[in-house]
Amino acid sequence: MSWRELARAREEFLTSRTTPTGVRLEIVKSWRRSAMVGAQPEGAPSFGDVDVDSYLYGVAAPVLDRLSERLADSRTAMLLANRDARIVGRWAGDHGVLRMMDLTGSAPGFALHEEAVGTNGLGSVIEEQRPLYVVGHEHFAKQFVGYACFGVPIHHPVLRRIEGVLTLVCKADEASPLMLPFVRQVSDSIQDRMFVRATGRERILLDSFSAAVRRQRHAIMAVSEHTVICSPAASRLLDASDHAIVWEAAADATQSRRRSESEVTLKSGRGVRARFTPVEFGTEVAGALVEFETLDVATEGSPRRAHAARAASPDEELSQHLRGRSSTWRSVLREIAPVLRSCEPVLVSGPAGSGKTRVARVIHELSGRSGRLATLDAAMLPVDGTSSWLRAARQAFEDSDALLIRHLNLLDDTAGSAVMALADAHDDQSPRLLATATLDRDVIEPRARVIERFAVHEIAIPRLMDRAEDVPELVEQILTDIGHAGLEFAPEAMQALLRAPWPGNVRQLERVLRALAGTRTSGVVRLSDLPSDLLRSPRRAGGQLEEVERRAIVRALDDADGNKTAAAAELGISRSTLYRKLRSFGSDLDRTTF
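Remember, predicted model here, so these are calculated numbers, not experimental data.

(A) Focus on the overall build of the protein chain. Looking only at helices and strands, one finds 26 helices and 19 strands in the protein chain. Across the 594 residues of the protein chain, 50% fall into the buried class. By sequence separation, contacts in the protein chain at least 24 residues apart represent 66% of the contacts at least 6 residues apart. As displayed, the protein chain has an accessible area near 27300 Å², and 49% of this comes from carbon and sulfur atoms.

This is the structure in structure tokens:
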């Protein structure tokens, strides 16, 4: 296909989204993917910080420094990007190529993922997870049509994950089919250095995993703070969001250094029994092996089958409206189920932002009452005035099939007495009474009578950090509710959400998701996209001493402008010790500074 025909096919796709003929299949797939995530032909790459202390740069730079001498007389350049397609290094042999790359954002700090600029020799390699070349008008964004890019992923030889991408860049009319094999050779050299530098912890974890796969017939997974290795059976069984949940459960086994097992409900709804075996490396724990056995294959009448039946959702429709997989949340659903068939008042209590109002509305919706649900908010009493607020309450008692009073604990004595009188006066034909309240000892005493009037049935909603296992399903539900179901979370980002303390509970989670959705409509949310306050406050704290350590490290990193080497020197510890501490706090070393 000539470059004119290719340019015409690209233009037709961009204007009408018609499937082009004669264009390579991988390029067509990338064009479609780019259009789906909202990339624009005039899209500009995003800019961010470059961490030259990163593991990838430290391993690759010596190889590429030596290579740059061979490129001195060529009109080519080599780009090194991390797994987010952000360029962390550039080696060029021609000033003309450098100037062209500067004008198009092909420089350290710029991220060339497909969401930003569409099909290219960095972001598309990460999406495809295999070598790929993009020449001339095969690029999605017009500023890159003068380039030819030959990209190869860099895989960690032990962890078996993509660490980054190496891409050779030249002018489109100077491309050669020999360039891709050349980049492969350079990538292999970098991967060889990674293998030599791989820690003993990583190697022993991989060796233990390989031995377990040969020995066991079940799905096997090896996990540590920064490693996930799955057997083919485990890959089919687990969703990416399940990885973080499994690691949270495995962390308990690694801390105790004892074999353990627990039952986990996966995102798919399938129940599994997970058996955790710590993998020791000298005096340390390298991680854990996890063996999965599905619970839904047990024979009828077996104890496992009976337990799975007890753990199942008490009402399928209820569990669809109020999502969650944790045992804590399933206990709440079991308490709600009989309330749906009752006409008695219901009080939904719990901490601020825990989702009490949603629960109350679902109770009304699924109770079979078709009439209107009127809602009053006691927090509006000071704004509306007692007389006006009580007139609205009287009207609601007369006209509504059900009445929900939010923040019942904020009713003053006058309004509380009036609401009780209205309820007593309409006792025979009164609407179904629902209420939400944040209860503590200070409000129970003065509001005891009105609270008791509503608490014929009381549903207690837990804090989000007490049902952290539910975060992936809550994320999916909230994104669907706000119309951004196309957003996905990378495993390390989901793990950060699972570990966050969430003092604002579900409401805070929703605010975070709305903020993320405001900047994109689809694509993958990375750890670096999350608010810094979530990363500064790990949920799994180890007491006062760990908190003191964490604050000292945060202060040192702030003083050093994020430079981990300088921060370690200031603290008087080695950089490897600093990295180990950061991992224990749930931080990603390559992308996160506090």
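(B) Broad picture of the packing of aromatic side chains. Summed over all chains, the structure comprises five aromatic pairs. Note that arginine 24 overlies the ring of tyrosine 133, its terminal NZ or CZ placed 3.8 Å from the centroid.

(C) Here's a closer look at the pattern of salt bridges. Taken as a whole and assessed by the stated rule, the structure comprises 21 salt bridges. The residue arginine 275 makes a salt bridge to glutamate 293 at a minimum N-O spacing of 3.0 Å. One end of the pair, arginine 275, is in strand S11 (residues 271-281); the other, glutamate 293, is in strand S12 (residues 284-294), and 18 residues separate them in sequence. Here arginine 275 falls in the partly exposed class, since its relative accessible area comes to 23%.

(D) Region of the structure containing the sheet that holds strand S9 (residues 227-230). The strand order across the open sheet built from five strands is S9-S8-S12-S11-S10, with neighbouring strands paired in antiparallel fashion. Looking at which strands have only one partner, the edges of the open sheet turn out to be S9 and strand S10 (260-265). With strand direction ignored, the average angle separating the axes of adjacent strands in the sheet is 25°. For S10 and S11, the ladder comprises six bridges, and the chain directions are antiparallel. The residue of S11 that forms the bridge with glutamate 263 is arginine 273.

(E) Geometry of the side chain of glutamate 473. By the secondary structure assignment, glutamate 473 is in helix H20 (residues 471-481). Taking relative accessible area as the criterion, glutamate 473 reaches 8% and is therefore assigned buried.

(F) Spatial organisation of helix H1 (residues 3-16). With 14 residues, H1 extends 20 Å from end C-alpha to end C-alpha; this agrees with the ideal 20 Å at 1.5 Å per step. Here the buried face of H1 lies against helix H2 (25-36) and strand S5 (132-135). Of the residues flanking the end of H1, it is arginine 17, one or two places downstream, whose phi is positive at about 60°.

(G) Inspection of the environment of valine 419 at higher detail. Summarising the element assignment, valine 419 is placed in helix H17 (residues 413-425). Exposure remark for valine 419: the relative accessible area of 1% places this residue in the buried category. The spacing of valine 419 and leucine 390 is 29 residues in sequence and 7.8 Å in space, taken between C-alpha atoms. Setting aside residues up to four positions removed in sequence, valine 419 forms contacts with Trp389, Phe397, Ile405, Leu411 and Phe454.

(H) Up close: the environment of leucine 434. Position of leucine 434 relative to the elements: it lies in strand S16 (residues 432-437). Through-space distance from the C-alpha of leucine 434 to that of alanine 360 is 6.6 Å; in sequence the pair is 74 residues apart. When neighbours within four sequence positions are excluded, leucine 434 is seen to be in contact with Val346, Ala360, Ile363, His364, Leu373, Leu403, Leu404, Ile405 and Phe454.

(I) Just unusual backbone geometry, in detail. Its identity as a non-glycine residue notwithstanding, arginine 17 has a phi of 60°, on the positive side. With respect to the secondary-structure elements, arginine 17 resides in the loop between H1 and H2. Of note in the backbone geometry, alanine 85 takes a positive phi value of approximately 65° without being a glycine. Of note, alanine 85 is situated in the loop between strand S2 (76-82) and strand S3 (87-92). On the basis of relative accessible area, alanine 85 is assigned to the buried category, the value being 1%.

(J) Representation of the packing of H1 against H2 in the model. Contact pair H1 / H2: the axes reach a minimum separation of 12 Å and the direction vectors enclose 30°. It follows from the interaxial angle that H1 and H2 lie roughly parallel. Classified by chirality, the crossing of H2 by H1 is right-handed. Contacts from Leu6, Ala9, Arg10 and Phe13 in H1 reach Trp31, Arg32 and Ala35 in H2. Of the residues contributing to the contact of H1 with H2, the split by class is five nonpolar, no polar and two charged.

(K) Seen up close, the pairing of strand S13 (residues 346-349). Side chains Val346 and Val348 of S13 all project onto a buried face; the interleaved residues Leu347 and Ser349 project onto the opposite face, where all are buried too. Judged from the four bridges that link them, S13 and S16 form a sheet pairing that is parallel. Opposite valine 346, over in S16, you have leucine 434 as the bridge partner. In this sheet, strand S17 (residues 457-460) lies alongside S13 in parallel orientation, the contact comprising four bridges. Residue pairing across strands places serine 349 opposite alanine 460, the latter belonging to S17.

(L) A look at the packing of H20 against helix H22 (residues 505-517). The N-to-C vectors of H20 and H22 enclose an angle of 55°; their axes lie 10 Å apart at closest approach. Considering the angle they form, H20 stands oblique to H22. Seen from above, H20 lies across H22 with right-handed handedness. Along the contact surface, H20 presents Leu474, Val475, Ile478 and Leu479, while H22 presents Val506, Leu509, Glu510 and Leu513. Residue classes in the contact of H20 with H22 are distributed as seven nonpolar, no polar and one charged.

(M) Structural view of the side chain of glutamine 191. Among the structural elements, glutamine 191 can be located in helix H7 (residues 179-197). By relative accessible area, which is 17% here, glutamine 191 ends up buried. If we ignore the near neighbours within four places in the chain, the residues touching glutamine 191 are Pro153, Ile154, His155 and Pro157.

(N) Representation of the state of the cysteines in the model. This structure, assessed with the given rule, holds zero disulfides. The closest cysteine sulfur to the non-disulfide-bonded cysteine 170 is located on cysteine 149, 7.9 Å from its own sulfur. We classify cysteine 170 as buried; its relative accessible area is 1%.

About the cut-offs
- Position labels on residues start from 1 in each chain and follow its written sequence.
- A pLDDT threshold of at least 70 governs which residues receive local features in this predicted model, and a stricter bar of 80 or more applies before side-chain atom pairs are shown or counted, although totals over entire chains, interfaces and linings include all residues.
- Excluding hydrogens and water, the side-chain values take into account all heavy atoms of the structure.
- Runs of E in the DSSP output that reach at least two residues are strands. Runs of H or I that reach at least four are helices, and both are numbered from the N terminus.
- Exposure classes here rest on a 1.4 Å probe applied to the protein chains alone. A residue is buried below 20% of its type maximum, exposed above 50%, and partly exposed in between.
- Contacts are assigned to residue pairs with any non-hydrogen atoms lying within 4.5 Å of each other.
- Here, Shrake-Rupley sampling with a 1.4 Å probe gives the accessible areas, and only protein chains in the shown set may cover a residue.
- Two rings from Phe, Tyr or Trp (for Trp, the six-membered ring) form a pair when their centres are within 6.5 Å of each other. A pair whose planes differ by under 30 degrees is stacked, one over 60 is edge-to-face, and the rest are tilted.
- Placement of a positive charge over a ring is assigned whenever Lys NZ or Arg CZ falls within 6 Å of the ring centre and within 35 degrees of the normal to the ring plane.
- Any carboxyl oxygen of Asp or Glu that lies within 4 Å of a side-chain nitrogen of Lys or Arg is treated as forming a salt bridge with it.
- Pairing between strands is defined by DSSP: at least two bridges between them are needed.
- As a rule, the C-alpha atoms of each element are fitted with a line to give its axis, helices using only the stretch in contact, and angles between N-to-C directions run from 0 to 180 degrees.
- What a helix is expected to span follows from its residue count: subtract one and scale by 1.5 Å.
- Angles are sorted into four bins: roughly parallel if under 35 degrees, roughly antiparallel if over 145, roughly perpendicular if 65 to 115, and oblique for all others.
- The handedness criterion is simple: a crossing whose near helix is rotated anticlockwise from the far helix by less than a right angle is left-handed, and one whose near helix is rotated clockwise is right-handed.
- In this classification, the charged set is Asp, Glu, Lys and Arg, the nonpolar set is Ala, Val, Leu, Ile, Met, Phe, Trp, Tyr, Cys and Pro, and all remaining amino acids, among them Gly, are polar.
- Sulfur atoms of two cysteines make up a disulfide when they are within 2.5 Å.

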